[in-house]
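What the coordinates show
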Amino acid sequence: MLIKKRGKDLTDKEHKRVINLFVLNPSLEKAWELKEEFRDLLQIDNISEAKATLKQWYIWVSNTKLKSFYRAKGIIQRWQSQILNHFKTKISNGLLKV
């Protein structure tokens with residue numbers, strides 16, 4: 001599915017298609033942005049920066065009206081210490097990758 005791809009991996013044609021989808025559904029655009037921000041978070045090398053970025057991501061989610069992201073936020077908060085271990089060890093069970 002096109003919107004599952006990383007933004008940087010989209011071809012010009014795919015990017016135009018995604019933009020057209022966003023025009024039709026602005027909520028989809030916000031969801032995609034949140035997904036991209038979370039993916040970027042997983043690439044951070046510094047745990048302090050990762051914590052700060054995750055805190056900011058929680059704020060962004062709280063400011064949306066996307067119920068599925070509210071649920072995701074709750075799950076991530078419950079597992080936050082385990083998720084943050086990823087930034088210490090760079091070891092993942094694969095389920096953390098978005």
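All values derive from a computational prediction rather than experimental measurement.

Rules of the game
Residues numbered from 1 in each chain as written. Predicted model: local features only at pLDDT ≥ 70, side-chain atom pairs only at ≥ 80, totals over all residues. Heavy atoms only, no water. Phe/Tyr/Trp six-rings, centres within 6.5 Å; stacked < 30°, edge-to-face > 60°. Helix = DSSP H or I, 4+ residues; strand = E, 2+ residues; numbered from the N terminus. Buried < 20%, exposed > 50% of the residue type's maximum accessible area, 1.4 Å probe, protein only. Axes fitted to C-alpha atoms, helices over the stretch in contact; angles between N-to-C directions. Parallel < 35°, antiparallel > 145°, perpendicular 65-115°, else oblique. Left-handed = near helix turned anticlockwise from the far one by under 90°. Contact = heavy atoms within 4.5 Å. Nonpolar A, V, L, I, M, F, W, Y, C, P; charged D, E, K, R; others polar. Core = buried A, V, L, I, M, F, W, Y, C linked by side-chain atoms within 4.5 Å. Polar contact = N/O pair within 3.5 Å; in protein donor to acceptor, adjacent residues only side chain to side chain. Salt bridge = Lys/Arg side-chain N within 4 Å of Asp/Glu carboxyl O.

**Comments concerning the packing of aromatic side chains**
- Scanning the entire structure with this criterion turns up four aromatic pairs.
- Ring geometry for Phe-22 and Trp-32: centres 5.5 Å apart, planes at 50°, overall tilted. Highlighted residues: Phe-22 in helix H1 (residues 12–24) and Trp-32 in helix H2 (residues 26–41), separated in sequence by ten residues.
- A relative accessible area of 16% places Trp-32 in the buried class.
- Taken together, the ring pairs connect Phe-38, Trp-57, Tyr-58 and Phe-69 into an aromatic cluster.

**Quick look at the packing of helix H3 (residues 47–62) against helix H5 (residues 80–89)**
- Two numbers describe how H3 lies on H5: the axes approach to 9 Å, and their chain directions differ by 140°. Of the possible angle classes, the one that applies to H3 and H5 is oblique. Note that H3 runs across H5; the crossing there is right-handed. Together, Ile-47, Ala-50, Lys-51, Leu-54 and Tyr-58 of H3 and Gln-80, Leu-84, Phe-87 and Lys-88 of H5 make up the contact between the two elements.
- Among the residues forming the contact of H3 with H5, the class breakdown is six nonpolar, one polar and two charged.

**Some points on the nonpolar core**
- Of all hydrophobic cores here, the largest spans 17 residues; its most connected members are Phe-38, Leu-41, Leu-54, Trp-57, Phe-69, Ile-76 and Phe-87.
- Contributions of two or more residues to this core are made by H2, H3, helix H4 (67–78) and H5.
- It is H3 that contributes the most residues to this core, five residues altogether.
- If we ignore the near neighbours within four places in the chain, the residues touching Ile-76 are Phe-38, Leu-54, Trp-57, Tyr-58 and Ile-83.
- Counting five residues, the second-largest nonpolar core is a separate cluster that includes Leu-2, Leu-10, Val-18 and Trp-32.

**Overview of the side chain of His-86**
- As for its placement among the helices and strands, His-86 is situated in helix H5.
- With a relative accessible area of 5%, His-86 lands in the buried category.
- Of the polar contacts made by the side chain of His-86, one reaches the backbone oxygen of Leu-42; its length is 3.4 Å.

**Concerning the packing of H4 against H5**
- Interhelical geometry of H4 versus H5 gives an angle of 75° and a closest axis separation of 5 Å. As judged from the angle between their axes, H4 and H5 are roughly perpendicular. Contacts from Ile-76, Gln-77 and Arg-78 of H4 reach H5 at Gln-80, Gln-82 and Ile-83.
- Across the contact of H4 with H5, the residue classes break down as two nonpolar, three polar and one charged.

**So, the pattern of salt bridges**
- Scanning the entire structure with this criterion turns up four salt bridges.
- Between Arg-39 and Glu-36 there is a salt bridge, with its nearest N and O atoms 3.8 Å apart. Note that Arg-39 and Glu-36 are positioned in helix H2 at a spacing of three residues, about one turn of the helix.
- Arg-39 sits in the buried class, given a relative accessible area of 11%.
- By relative accessible area, which is 13% here, Glu-36 ends up buried.
- Taken together, the salt bridges that share partners define one network made up of Lys-35, Glu-36 and Arg-39.

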